[in-house]
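The residues making up each chain are set out below.
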Amino acid sequence: MNLWNQNSNKKVFLLFAIMSGALLIVGFFQSWNLMLAILNLCLISAVMSLGVNLQWGYAGLFNAGIMGFAALGGLAAMLVTKAPVIGAWYAGGFGILLGMFILVVSAILAYFVWVRLEGRGKKRYWYVIFIVVIGYIISRFVLGPAIISIESFEPSSSGYLGGAGLPVLLSWFVGGLLAALVAFFIGRITLGLRSDYLAIATLGISEIVIFIFKNEDWLTRGVKNVTGIPRPVPYEIELQSSIWFQNLSEYIGIGVIQASSLFVKLCYTSLFLSVLLILLWLCEKALNSPWGRMMRAIRDNETAASAMGKNVTSRHLQIFVIGSAIVGIAGAMLVTLDGQFNPTIYHPLRFTFLIWVMVIVGGSGNNFGAILGGFIVWFFWIEAEIIGNALVQILTLPLSDSSSLKEHFLNTAPQLRLLIMGLVLLLFLRFAPRGLIPEKTLSKLSKSPN
Amino acid sequence: MLDYINAITLLANYIIVPSLAYGSQLALGALGITMVYAVLRFSNFAHGEIMSFGTMISIFIVWLFQSIGISINPLPTALLALPLSITATIILLLILDKTVFRYYQKQRVQPVTFMIVSVGVMFFLAGFIRFLIGTSKKNFDDGERFIVKASQFKQMTGLAEGLSIRTTQAITVIVTILLVIFIFWFLNKTRTGKSMRAFSDNEDLALLSGINPERVIIITWILVGVLASVAGTLYGLDKGYKPFVYLQLVLPIFAAAIVGGVGNPIGAVAGGYIIAFSEAFITFAYKRFLTYLLPKEWAPDGLVQILSTEYKFAISFVLLVIVLLVRPTGLFRGKTL
């Protein structure tokens, strides 16, 4: 049997070794700074694809709303860490709270009416719509002036409520919790739908989430961005001025400026790596437990599983919430790394469908596969720029350097990364639909010590 | 009395005319998605990029015609380019069918797998299109811009409110009506159309009665190619061509198809207009409208807007989600499959 078909530890090890080798090549031939930058985003991508793998690989749920959960995590990172804007709270905080209270009350009321009027036909819809519309109109009257006064409070520097001013590492938990909370409600609504409707509905909801973040300036500053989110690691400037670090960089033999930037990136790497390893450990535990087996049983045959007394809907909701929480954590990590929250960066191609490519290329249903997929796909997503450029250079060789066509294609060459990703996804779906590290079969599982 | 006419003109100018044009574009898009769903049984995420491809070809041909001086002034040159871009889109779809979709069709894979395949196609086409034409906005609507200008209309009628109708809007509506009539005639009256409907209703039964599935699928892709390239080109003419927008456009189109009832052509057309009109009605600021109708002392202070204009796109998603939850088969009872 050749190595490719075997799902041995040797193959997993080999694939990860090749991946590390590729990263080292970037380090030696391009720069270590770039290599660490890629590595950090690889780690975040791996966390995201771990979350998606839970939903798709374990439970067969097509969640096309990953972008929304990543953005919710990012919002949490911003809200937890930024200092509250006291003036804005005085200006309109009460109005916002009251407006939110009215919205929540009308939602709860609508829910109770919905439950109470079970089986009363069309009347049910009209009552619920009436309550929601009235609640919305009343809340608008309260929220409208509050939002205006908040947004006009020092609009160039704040113009929003600010956050809680707490440490940034806490925000990773909060990001997970916030994503989980939203996922609970979305899941309650949409998980009854057929698989492709679920995808379209979640894609639509995630777009709504991004629309809200872009337009509710009192909460997120909208497209004006929130910058200066505090770091969990030291700043380069501080390092450069501290004696011990100067000594260290002299000892290693690289300039203090370069050393400081490498050091900061390495700090991030170790933080992200520990999050990834903890989550991986938890996911592996889950996969090899009775719970994991039940999930796969539901995925493979829902009817049979429900005949065995398994509650399919609530299991689906459970794993949808857990997977989304992991994506939320990754989203918070990403915003922490960037140091700013900018709702315009969230595009479905980059934040939803690329993660899907990661899971499918790596191997859905296998956590190591999902992580490997996250690494490989992100690596090529970055390096595709170089590959695309080289490709264009070769293809346009017959053209003269001054030709406008050549210039045009060199400008659009970065777009080739989309083309390459599409090609990779299609080739994998056709020739290796189970991915690089396929899911372990049952016989393999029972032999393993777990 | 004059106030009433002014109010109606205001609505016509800001809601009815633009929504008719946008709704037509959505209707054509939704018709394409619904046909793929009815015959091939999957939700085609790549549809927006297919529309984008058709538009790109139209733009290239328009540039070519402009450089050699061919035009049909006062109409936009894009109309002349349409047959060629339709042909190119059909060729693209047939190649995609042969190289990608046919394999999964034969395997009878689950709809989800098919959908992921279409995501792959979407990525590929998005990269291909942006590589060829770049990402900046392109306007290619030459010829006469307006049929009726707002100022002309005011002069002609003496009303306070103007009504402007752009050439592209009129062309969109006319072409849509013609194309929809053709499609319905084809589906209901021709033998091939009937065999397509039979195939969509019950694949096994259709095979049993001697319908050639290959032929049905090829015809479907040809129709989808026509619909997609016309819809894309009309949208690009009307709003300017930006490759990024076509990815976003998939969702309102899905919304239109699902609201009408997936797999049901009448539903798709109705859904397109429902989505377009509800977007416009919900984000319209009724202040001026009410000022005309209400007595002076009742005139509103605020904008009287249900949702701000930024949420225009979001409305279609909300409608989509509501319809999926309340009536997943759509208003016109599509397939449940």
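Residues numbered from 1 in each chain as written. Chains lettered and ligands numbered in written order. Predicted model: local features only at pLDDT ≥ 70, side-chain atom pairs only at ≥ 80, totals over all residues. Heavy atoms only, no water.

Undergrad: For the overall build of chain A, give the residues involved together with the corresponding values.
TA: Summing up its helical and strand segments, chain A has 19 helices and two strands in all. Scaling as 2.2 N^0.38, a compact globule of 450 residues should have a C-alpha radius of gyration of about 22 Å, and chain A matches this with 25 Å. Each of the three principal axes of chain A carries a C-alpha extent, and together these read 65 × 60 × 55 Å. Here chain A, with 450 residues, has 52% of them falling under the buried criterion. Long-range contacts, defined here as pairs at least 24 residues apart, represent 81% of the contacts in chain A between residues at least 6 apart. Summing over all exposed atoms, chain A offers an accessible surface of approximately 21100 Å²; the carbon and sulfur share of this is 70%. (Helix = DSSP H or I, 4+ residues; strand = E, 2+ residues; numbered from the N terminus. Rg over C-alpha atoms; globule rule 2.2 N^0.38 Å. Buried < 20%, exposed > 50% of the residue type's maximum accessible area, 1.4 Å probe, protein only. Contact = heavy atoms within 4.5 Å. Areas by Shrake-Rupley, 256 points an atom, 1.4 Å probe, with all protein chains shown as cover.)

Undergrad: Mind laying out the interface of chain A and chain B, listing which residues take part and the relevant values?
TA: With 46 residues of chain A at the contact, the number on the chain B side is 50 residues. In total, about 4300 Å² of surface goes out of reach between chain A and chain B, with carbon and sulfur atoms giving 77% of it. Considering only the side of chain A, the residues that lose the most area to chain B are A:Tyr197, A:Ile200 and A:Arg430, jointly responsible for 15% of the buried surface there. The interface formed by chain A and chain B contains zero salt bridges. Here chain A is connected to chain B by six residue pairs in polar contact (both at pLDDT 80 or more). Of all elements in the fold, only α5 (122-151), α7 (195-215), α15 (348-362), α16 (367-395), α17 (404-412) and α18 (416-431) of chain A reach the threshold of two or more residues within the side of chain A that touches chain B. At 14 residues, α7(A) tops the list of elements feeding residues into the side of chain A that touches chain B. For the side of chain A that touches chain B, the per-class residue count stands at 34 nonpolar, seven polar and five charged. (Buried area = accessible area lost by both parts, 1.4 Å probe. Salt bridge = Lys/Arg side-chain N within 4 Å of Asp/Glu carboxyl O. Polar contact = N/O pair within 3.5 Å; in protein donor to acceptor, adjacent residues only side chain to side chain. Nonpolar A, V, L, I, M, F, W, Y, C, P; charged D, E, K, R; others polar.)

Undergrad: Give me the lowdown on the domain arrangement of chain A, citing residues and values where you can.
TA: All names here are of chain A. The domains assigned to chain A are domain 1 (30-83 + 166-347) and domain 2 (85-161). Here domain 1 packs against domain 2, burying approximately 890 Å² in sum over the two surfaces, 52% of which is carbon and sulfur. Per-residue buried area on domain 1 facing domain 2 is highest for Ala83, Trp218 and Arg221; these three make up 66% of the total on that side. Inspection of the region where domain 1 meets domain 2 yields zero salt bridges. Taken together, domain 1 and domain 2 are joined by three residue pairs in polar contact (both at pLDDT 80 or more). Top contributing element to the side of domain 1 that touches domain 2 by residue count: helix α8 (residues 217-220), with three residues. Split into classes, the residues belonging to the side of domain 1 that touches domain 2 amount to five nonpolar, no polar and six charged. (Domains from an automatic or database assignment.)

Undergrad: Run through a nonpolar patch on the surface, naming residues and quoting values.
TA: Taken together, the side chains of A:Val104, A:Ile108, A:Tyr111, A:Phe112, A:Trp114 and A:Val115 present a nonpolar region at the surface, about 560 Å² in accessible area. Residue placement: A:Ile108 occurs in helix α4 (residues 86-116). (Patch = residues over 30% accessible without salt bridge, like charges linked within 9 Å, V, L, I, M, F, W, Y side chains within 5 Å.)

Undergrad: Quick one: what's the story with the environment of A:Ser171, residue by residue and with numbers?
TA: Residue and element names in this part refer to chain A. By the element assignment, Ser171 lies in helix α6 (residues 168-190). Residue classification places Ser171 among the buried residues on the basis of a relative accessible area of 0%. Expressed as a C-alpha distance, the spacing of Ser171 and Glu151, which sit 20 residues apart in the sequence, is 24 Å. Discounting residues that sit within four places of it in the chain, Ser171 has contacts with Ala76, Ala77, Val80 and Ala332. Within the local environment of Ser171, its side chain forms a polar contact with the backbone oxygen of Val168, the two atoms lying 2.5 Å apart.

Undergrad: Go over the packing of helix α11 (residues 256-287) of chain A against helix α14 (residues 312-338) of chain A with me, naming the residues and quoting the values.
TA: All names here are of chain A. Where α11 meets α14, the closest approach of the two axes is 12 Å, and the angle between their N-to-C directions is 175 degrees. Judged on the interaxial angle alone, α14 and α11 are roughly antiparallel. For the pair α11 and α14, the contacting residues are Tyr268, Phe272, Val275, Leu279 and Cys283 in the first and Ile326, Ile329, Met333, Thr336 and Leu337 in the second. Taken together, the residues of the contact of α11 with α14 break down into nine nonpolar, one polar and no charged. (Axes fitted to C-alpha atoms, helices over the stretch in contact; angles between N-to-C directions. Parallel < 35°, antiparallel > 145°, perpendicular 65-115°, else oblique.)

Undergrad: A description of the side chain of A:Glu439 should follow, citing residues and the corresponding values.
TA: Residues and elements named next belong to chain A. You can see Glu439 is positioned in the loop between α18 and α19 (442-447). Among the residues examined, Glu439 registers a relative accessible area of 18% and is labelled buried. Here the side chain of Glu439 touches Arg299 through a polar contact of 3.1 Å, side chain to side chain.

Undergrad: Explain a positive patch on the surface residue by residue, including any values.
TA: Residue and element names in this part refer to chain B. A contiguous patch of positive charge, built from Lys189, Arg191, Lys194, Arg197 and Arg215, is present on the exposed surface. With three residues, helix α7 (residues 191-201) is the single largest residue contributor to the positive patch. Examined against the element boundaries, Arg197 turns out to sit in helix α7. (Lys, Arg positive; Asp, Glu negative; His and termini not counted. Charge placed at Lys NZ, Arg CZ, Asp CG, Glu CD.)

Undergrad: Residues and numbers for the pattern of salt bridges, please.
TA: Once the charged atoms of two side chains with opposite charge are near each other, the side chains can pair. Evaluated as defined, the whole model comprises 14 salt bridges over all chains. Between A:Glu236 and A:Arg231 there is a salt bridge, and its shortest N-O distance comes to 3.1 Å. Since its relative accessible area comes to 21%, A:Glu236 is described here as partly exposed. Judged by its relative accessible area of 26%, A:Arg231 is partly exposed. As a salt-bridge pair, B:Asp141 and B:Arg145 come within 3.3 Å of each other at their nearest N and O atoms. Through salt bridges with shared partners, a single ionic network connects A:Arg296, A:Arg299, A:Asp300 and A:Glu439.

Undergrad: Please give an account of the environment of B:Ile183 that cites residues and values.
TA: Residues and elements named next belong to chain B. As for its placement among the helices and strands, Ile183 is situated in helix α6 (residues 167-189). C-alpha of Ile183 to C-alpha of Ser229: the two residues are 46 residues apart in sequence and 15 Å apart in space. Filtering out sequence-adjacent residues up to four positions away, Ile183 remains in contact with Leu31, Leu223 and Leu227.

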